[in-house]
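# Inside the fold
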Amino acid sequence: MKATATAHPNIALVKYWGKRDEALILPHQSSLSLTLAPLSITTTVEWGQEEDQVELNGKAAEGGERRRVVELLSRVREEAGRPLGGARMVSRGDFPASAGLASSAAAFAALALASRAAAGLPRDVRAESVLARRGSGSACRSIQGGVCVWRRGERADGEDSYAEQAFAASHWPELRMFVALLSRAEKEVGSRDGMRGSVETSPYYPAWAQDAEAEIPRALAALERRDIASLGELAERNAWRMHATALAANPPLCYLLPGTLEVIQRVRHARGQGLKAYFTLDAGPNPVVLTTADALEDAERVVREAGAVEIVRCHVGGDATVQVHV
Ligand code: DP6
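My aim in this report is to walk through the structure given alongside it, one point at a time. (Residues numbered from 1 in each chain as written. Predicted model: local features only at pLDDT ≥ 70, side-chain atom pairs only at ≥ 80, totals over all residues. Heavy atoms only, no water.)

### Quick look at the site of the ligand
In the vicinity of the ligand lie 18 residues, with Tyr16, Lys19, Ser136, Ser138 and Arg192 positioned nearest. Here an oxygen atom of the ligand sits 2.7 Å away from a polar atom, N or O, in the side chain of lysine 19. Arginine 141 places a polar side-chain atom, nitrogen or oxygen, 2.8 Å from an oxygen atom of the ligand. Considering the ligand on its own, with 460 Å² of exposed area, one finds that the protein chains cover 94% of that surface. (Near = heavy atom within 4 Å. Polar contact = N/O pair within 3.5 Å; in protein donor to acceptor, adjacent residues only side chain to side chain. Areas by Shrake-Rupley, 256 points an atom, 1.4 Å probe, with all protein chains shown as cover.)

This is the structure in structure tokens:
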């Protein structure tokens, strides 16, 4: 009745931005991401308690944070089809929120894996991805490692909207990513509200969704060829298009800081001189640089000179793992 799971966060190169179903967390378009090792979150779930207890990084969770976890636990109670009682859930991340990466993807992936395994449900990557998605959309891409594609799906019940691995981490061992940390401040508008505002009020939204969907096969082809220039250019234009959609919302959503543009400009300038480095940008000010091992040191130097206060180095990580305690 007890299991521990570890999952990595992920960074999307074709972003998920906008839901067609808010309750089921179903996206308007498919997305594609890289798994970010060595960062991880480890979660233990033990059923058979009097009530649900949720502990995140040493503190009892409250409000919306607790509610999202308890809702996921209740779905496992339903699926198990036998009385499980309450769950004691303890979760700890080895990367601080100040790493500039959202922790919700790794957190809900680890929770989905641990809560199902502790309930005695057999491993099922698709069911785990669907369950993780219900906690936070991007979490469905953190069950498997390497490169994952979350297909939009067509069904109204969302059972065909889950992520699958397109390439294992071993496909391209030289690929590197790092977060260029500019600000540790919490963003004013989170992804959930930001994408809702974009869907409801941005006149560019339909074009965004259509374009992002069309980029998926192109991203897969560039990955297949291990073609950093094509992949990097695609990642940059997809990030710009997501931000353009958000900027055109009413009220407008600007996640960029002056320092963000400084990093982006310097990276582009260095590229003109032959450096193979590209950026992507989630719903926040900290660019994530995409490069290869041979160019890593030069890319880091450029980003430090542009004002990054910290660099968080990553490589492509493997599958989330789970262990049942006997
Ligand atoms: C910009 O997965 O955090 O990082 O489904 O509402 O929990 P919810 O949103 P979330 O959004 C991630 C948005 C993004 C792009 C991406 O990861 O694809």
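Once you've had a look at it, read on.
### Digging into the sheet that holds strand 16 (residues 321–325)
Strands in a sheet are paired, the pairing made by backbone hydrogen bonds, and the direction either parallel or antiparallel. Pairing within the open sheet is mixed, and its six strands lie in the order 8-7-9-6-1-16. A single partner strand is all that each edge strand has here, and the edge strands are strand 8 (59–60) and strand 16. Here four bridges tie strand 7 (residues 53–56) to strand 9 (residues 86–93), and the two strands are oriented parallel to one another. Bridging across to strand 9, valine 54 finds its partner in methionine 89. Sheet strands in contact with helix 1 (residues 63–80) are strand 6 (41–49), strand 7 and strand 9, and its direction is about 130 degrees off that of strand 7. (Pairing = 2+ DSSP bridges. Helix = DSSP H or I, 4+ residues; strand = E, 2+ residues; numbered from the N terminus. Contact = heavy atoms within 4.5 Å. Axes fitted to C-alpha atoms, helices over the stretch in contact; angles between N-to-C directions.)

### Some thoughts on the layout of surface pockets
Where empty space is left in the structure can be found by rolling a water-sized probe over the atoms. Its volume calculated, the second largest pocket comes out at about 310 Å³. Surrounding the second largest pocket, 19 residues form its lining, Lys187, Glu188, Val189, Cys254 and Tyr255 being those nearest its centre. Considering only residue class, the lining of the second largest pocket consists of 10 nonpolar, five polar and four charged. (1 Å grid on protein atoms, 1.4 Å probe; cavity = no way out; pocket = protein on both sides within 12 Å on 5 of 7 lines; lining within 4 Å. Points joined across faces, edges and corners; volume = space filled by probe spheres on them. Nonpolar A, V, L, I, M, F, W, Y, C, P; charged D, E, K, R; others polar.)

### Some points on empty space enclosed by the protein
Summed over the entire model, instances satisfying the criterion amount to one cavity of 30 Å³ or more. The computed volume of the largest cavity comes to approximately 50 Å³. Every residue lining the largest cavity is listed: Val147, Phe167, Ala168, Ala169, His171, Trp172, Leu175, Leu223 and Val316. For the lining of the largest cavity, the class distribution of residues is eight nonpolar, one polar and no charged. When we break the lining of the largest cavity down by domain, the ones giving at least three residues each are domain 1 (2–169) and domain 2 (175–316). (Domains from an automatic or database assignment.)

### Examining the pairing of strand 1 (residues 2–7)
Sheet topology places strand 1 next to strand 16; five bridges connect them, and they run antiparallel. Opposite alanine 3, over in strand 16, you have valine 324 as the bridge partner. Where strand 1 lies against strand 6, six bridges are found, and the strand directions are antiparallel. Counterpart to alanine 5 in the pairing with strand 6 is threonine 43.

### A word on helix 6 (residues 228–247)
With 20 residues, helix 6 should reach 28 Å at 1.5 Å per residue; the first-to-last C-alpha distance of 28 Å fits that figure. Inspection of helix 6 places Ile228, Leu231, Gly232, Leu234, Ala235, Glu236, Asn238, Ala239, Met242, His243, Thr245 and Ala246 among the buried residues, and these make up the whole buried set. (Expected span 1.5 Å × (residues − 1). Buried < 20%, exposed > 50% of the residue type's maximum accessible area, 1.4 Å probe, protein only.)

### Section: the packing of aromatic side chains
Enumeration over the complete set of coordinates arrives at three aromatic pairs. An angle of 85 degrees between the planes, with centres 6.2 Å apart, marks the rings of tryptophan 17 and tyrosine 255 as edge-to-face. Of this pair, tryptophan 17 sits in the loop between strand 2 (10–14) and strand 3 (19–21) while tyrosine 255 sits in the loop between helix 6 and helix 7 (258–272); the two residues are 238 residues apart in sequence, bridging distant segments of the chain. Aromatic side chains tryptophan 240 and phenylalanine 279 sit 5.8 Å apart centroid to centroid with 85 degrees between the ring planes, which places their arrangement in the edge-to-face category. Of this pair, tryptophan 240 sits in helix 6 while phenylalanine 279 sits in strand 13 (residues 277–280), placing them 39 residues apart in sequence. With a relative accessible area of 33%, tryptophan 240 lands in the partly exposed category. Residue classification places phenylalanine 279 among the buried positions, given a relative accessible area of 1%. (Phe/Tyr/Trp six-rings, centres within 6.5 Å; stacked < 30°, edge-to-face > 60°.)

These values are about where atoms sit, not about what they do.
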